[in-house]
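Each chain, letter by letter, is given below.
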Amino acid sequence: MVDFTEEEIQALPAVMRALAPEMERIGWDRPLGQLTQNDMHRLIVTTIEAFRAEMAEIASQSEIPF
């Protein structure tokens, strides 16, 4: 597993908040192996979109180092 940067670690709670509604819809106790292709697609897209959005927000608050 790759080590996360401090900014990536800061983005994780936003990703978890974005995934929670999808997991509620799917069912928290449902094994990943039983998910449909559509369910997996939605989880992956939700994760990536939330991560990108949060990383952009974090970057917008950072001072440019030059």
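Note that the structure is predicted; figures quoted are calculated from it, not measured. (Residues numbered from 1 in each chain as written. Predicted model: local features only at pLDDT ≥ 70, side-chain atom pairs only at ≥ 80, totals over all residues. Heavy atoms only, no water.)

Student: How would you explain the overall build of the protein if you had to name every residue and give the values?
Tutor: Tallying secondary structure elements over the protein gives two helices and zero strands in all. For the protein, the C-alpha radius of gyration of 15 Å lies well beyond 11 Å, the compact-globule estimate for 66 residues. On the principal axes, the C-alpha backbone points of the protein span a range of 50 × 25 × 15 Å. Out of the 66 residues belonging to the protein, those deemed buried represent 20%. Here the analysis covers contacts within the protein between residues at least 6 apart in sequence; of these, 59% occur between residues at least 24 apart. Looking at the protein as shown, the accessible area adds up to about 5,300 Å², and 60% of this sits on carbon and sulfur atoms. Across the protein, the 5 positively charged side chains and the 12 negatively charged ones have centroids separated by 12 Å. (Helix = DSSP H or I, 4+ residues; strand = E, 2+ residues; numbered from the N terminus. Rg over C-alpha atoms; globule rule 2.2 N^0.38 Å. Buried < 20%, exposed > 50% of the residue type's maximum accessible area, 1.4 Å probe, protein only. Contact = heavy atoms within 4.5 Å. Areas by Shrake-Rupley, 256 points an atom, 1.4 Å probe, with all protein chains shown as cover. Lys, Arg positive; Asp, Glu negative; His and termini not counted. Charge placed at Lys NZ, Arg CZ, Asp CG, Glu CD.)

Student: I'd like to hear about helix α1 (residues 6-26), residue by residue, with values.
Tutor: With 21 residues, α1 extends 31 Å from end C-alpha to end C-alpha; this agrees with the ideal 30 Å at 1.5 Å per step. Within the sequence span of α1, burial applies to Ala11, Ala14, Val15, Glu22, Met23 and Ile26. Considering only its buried residues, α1 is in contact with α2 (37-60). In the segment just after α1, glycine 27 is the residue with positive phi, at about 115°. (Expected span 1.5 Å × (residues − 1).)

Student: Residues and numbers for the side chain of threonine 46, please.
Tutor: Mapped onto the elements, threonine 46 comes out in helix α2. Residue threonine 46 is classed as buried on the basis of its relative accessible area of 18%. Contact partners of threonine 46, with chain neighbours within four places excluded, come to Ala18, Leu19 and Glu22.

Student: An account of the packing of α1 against α2 is needed here, citing residue identities and associated values.
Tutor: Direction vectors running N to C along α1 and α2 enclose 150°, while the axes themselves pass 8 Å from each other. One element, α1, and the other, α2, form an angle in the roughly antiparallel class. Here the hand of the crossing between α1 and α2 comes out right-handed. Here Glu7, Glu8, Gln10, Ala11, Ala14, Val15, Ala18, Leu19, Glu22, Met23, Arg25 and Ile26 of α1 come into contact with α2, specifically with Asp39, Arg42, Leu43, Thr46, Thr47, Ala50, Phe51, Glu54, Met55 and Ile58. Of the residues that constitute the contact of α1 with α2, the class distribution is 12 nonpolar, three polar and seven charged. (Axes fitted to C-alpha atoms, helices over the stretch in contact; angles between N-to-C directions. Parallel < 35°, antiparallel > 145°, perpendicular 65-115°, else oblique. Left-handed = near helix turned anticlockwise from the far one by under 90°. Nonpolar A, V, L, I, M, F, W, Y, C, P; charged D, E, K, R; others polar.)

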